[in-house]
Amino acid sequence: MSELRLVVFDVDGTLIDSEHNIIAAMTEAWAHMDLGVPEPADVRRIIGLSLVEACQVLLPWAPGNLHRAVAESYKQAFRALRLLPEREEPLFPGVREALDELEAAGWLLGLATGKSQRGVQSMLDSHDLHGRFINIQTADDNPGKPDPAMLRRASAETGVDLARMVMIGDTAYDMQMAKSAKVAGLGVSWGYHGLQELHDAGAVQVVDSFDTLTDIAAALIGDIPCA
């Protein structure tokens, strides 16, 4: 078995604070389609899903062509928002330090996100993170979360056994995906789903900061004893 180790991060709500832009873009998309105004709490709940699936959850009564139309309208609104300086999506505290520490400890880094490839590249550009992630799985190339396909594909492409991987995310979708793939799921408390929901979805542990991430990740795959 390969001794390589891979930690896979969700993006929205885990690495970057994108809630306000997502809610604003969805609100604009609904207005464009004369659908009224979505509840911010409902939009927050679907962050992490691929876009069309998110529209299906928000508009369960609507036909598929409307879901796709809203998704396209959302993409246009989001791209426009991203160009505004005041609409920056900041990294959460401790992200850079955690990435540095994980790499120094020999971990490979990956992403598994409901974002598109274009959205991920924009995030990498904005925060000068190109070259940090050896494997990037997006909704463009995979079934959406919580389907385990992203993690299984990451394993196949990197050669890292699933038992040597850790999935880090802020939503139940991330934890369900990890559990289905038989990957250790580590929840973060600063994102868009609550602590109990993360545990119920299969999180082995939930952390409140990135400070001890390297040791916790190693413990989850059995490289060091759990504290």
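Residues numbered from 1 in each chain as written. Predicted model: local features only at pLDDT ≥ 70, side-chain atom pairs only at ≥ 80, totals over all residues. Heavy atoms only, no water.

Colleague: Help me out: how do you make sense of the overall build of the protein chain in this one?
Modeller: Within the protein chain one finds 10 helices and six strands. Against the 2.2 N^0.38 benchmark of 17 Å for 227 residues, the protein chain shows a C-alpha radius of gyration of 17 Å, consistent with a compact globule. On the principal axes, the C-alpha backbone points of the protein chain span a range of 55 × 35 × 30 Å. The proportion of buried residues among the 227 residues of the protein chain is 52%. (Helix = DSSP H or I, 4+ residues; strand = E, 2+ residues; numbered from the N terminus. Rg over C-alpha atoms; globule rule 2.2 N^0.38 Å. Buried < 20%, exposed > 50% of the residue type's maximum accessible area, 1.4 Å probe, protein only.)

Colleague: Sorry if this is basic, but what is going on with the pattern of salt bridges here?
Modeller: Once their charged atoms are close, side chains differing in charge can pair, the charge on each being opposite to the other. This model, assessed by the stated rule, comprises 12 salt bridges. The partner of aspartate 174 in a salt bridge is lysine 145, and the shortest N-O contact between them spans 2.6 Å. Taken together, the residues span a long stretch of sequence, with aspartate 174 in helix 8 (residues 172–181) and lysine 145 in the loop between strand 3 (135–137) and helix 7 (149–158) at a distance of 29 residues. Looking at aspartate 174, the relative accessible area reads 1%, which means it is buried. A relative accessible area of 2% means that lysine 145 is categorised as buried. (Salt bridge = Lys/Arg side-chain N within 4 Å of Asp/Glu carboxyl O.)

Colleague: For this particular structure, what's the right way to read the environment of threonine 14?
Modeller: As for its position among the elements, threonine 14 is in the loop between strand 1 (6–9) and helix 1 (19–32). C-alpha of threonine 14 to C-alpha of threonine 171: the two residues are 157 residues apart in sequence and 8.8 Å apart in space. Those residues in contact with threonine 14 that lie beyond four places of it in its chain are Phe9, Phe92, Ile168, Gly169, Asp170, Val188, Trp190 and Phe210. (Contact = heavy atoms within 4.5 Å.)

Colleague: Would you explain helix 7 in this entry?
Modeller: Spacing of three or four residues puts side chains on the same side of an α-helix, whose turn is 3.6 residues. By the burial criterion, the buried members of helix 7 are Met150, Leu151, Ala154, Ser155 and Thr158. Buried residues of helix 7 fall within an arc of 135° about the axis and therefore sit on the same side. Elements in contact with the buried residues of helix 7: strand 1, strand 2 (108–112), strand 3, strand 4 (165–169) and helix 8. (Arc of directions from axis to C-beta.)

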